[in-house]
Amino acid sequence: SLAVATVLSFLVAAAGTSALAADSGQGAWQTLFNGKDFAGWQNAQGKAPGQGWVVEAGAMVRKPKAGDLWTKERFGDFVLDLEFKTEGNSGIFIRTGNPRDCVQTGIEIQVLNPQGKPSKHSCGAIYDALAPTKDMVKAGAWNHVVITAKGSRLSVVMNDEKIIDADLDRWITPGKNPDGTKNKYKNAIKDFPRKGHIGLQDHGANVSYRNLKIRSLDK
């Protein structure tokens, strides 16, 4: 009958959609911070986070003598979605191989107050490697950031504006960027780990993070 055919068509379409989702390698969203405590997080030595990290109003808040904060879990290809509010310098590290040597084994997305003209050190930059196209950070307010890492491709969307779209395989020379400028990295960025810890930097300024979640793109 027509009704049976309609149901069968629906089931076939649904099965196809499910198969497509499975083939995409895209997992469900995973909460990285429960809004209550630091379960799933550690310091660079693999121990409890520094006492300067506290939970206030559902946010991770850095206060003096906190130290960097790291996920216990390691991630490869993913979409990382979070919000931050900062009084100064901080950063979001991704795919960090060794949290005790995070600068040389992980990519840092800079967190900073508005600087006006974008630079390789302004908010949203791949630190010391690539400037954002715009300075999209809002001072004294929550800022929404989506970081997507898949293979060599890395993008950053801040407050609904894509400000970074990079192919890390273009960074082929230690200490040098594709545009010829120098950077601080001892190894070529193309050789940095493609799987590692996610970190939140303590760089001496108070900063807050909330609504951290991640979706795996690993197949």
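Scroll up a little and you will see the structure.
Rules of the game
- Residues numbered from 1 in each chain as written.
- Predicted model: local features only at pLDDT ≥ 70, side-chain atom pairs only at ≥ 80, totals over all residues.
- Heavy atoms only, no water.
- Phe/Tyr/Trp six-rings, centres within 6.5 Å; stacked < 30°, edge-to-face > 60°.
- Helix = DSSP H or I, 4+ residues; strand = E, 2+ residues; numbered from the N terminus.
- Buried < 20%, exposed > 50% of the residue type's maximum accessible area, 1.4 Å probe, protein only.
- Lys NZ or Arg CZ within 6 Å of the ring centre and 35° of its normal.
- Salt bridge = Lys/Arg side-chain N within 4 Å of Asp/Glu carboxyl O.

1. Observations concerning the packing of aromatic side chains
Stage number 1. Under the defined criterion, the tally for this structure stands at four aromatic pairs.
Stage number 2. Here W70 and F93 contribute two aromatic rings whose centre-to-centre distance is 5.7 Å and whose plane-to-plane angle is 40 degrees, an arrangement assigned as tilted. Taken together, the positions of W70 in strand 5 (residues 69-75) and F93 in strand 7 (residues 90-96) put the pair 23 residues apart, joining distant regions of the chain.
Stage number 3. In this structure F93 comes out as buried when scored by relative accessible area, which is 1%.
Stage number 4. When the ring centre of W29 is taken as reference, the NZ or CZ atom of K213 above it lies at 4.6 Å.
Stage number 5. The ring of W29 has R215 lying over it, and the distance from NZ or CZ to the ring centre is 5.2 Å.

2. Describing unusual backbone geometry
Stage number 1. One non-glycine residue with positive phi stands out, namely R95, at about 50 degrees.
Stage number 2. At N159, a residue that is not glycine, the phi angle is positive and equals roughly 50 degrees.
Stage number 3. By the element assignment, N159 lies in the loop between strand 10 (153-158) and strand 11 (161-167).

3. Things to note about the pattern of salt bridges
Stage number 1. The full count for this structure, using the stated rule, is 10 salt bridges.
Stage number 2. Linking R62 and D202 is a salt bridge whose minimum nitrogen-to-oxygen distance equals 2.7 Å. Of this pair, R62 sits in strand 4 (residues 59-62) while D202 sits in the loop between strand 12 (196-200) and strand 13 (207-216), and the two are 140 residues apart along the sequence.
Stage number 3. Between K134 and E161 there is a salt bridge; the shortest N-O distance is 3.3 Å. Of the two residues, K134 sits in the loop between strand 8 (107-111) and strand 9 (143-150) while E161 sits in strand 11, which places them 27 residues apart along the sequence.
Stage number 4. Overall, the relative accessible area of 41% leaves K134 in the partly exposed class.

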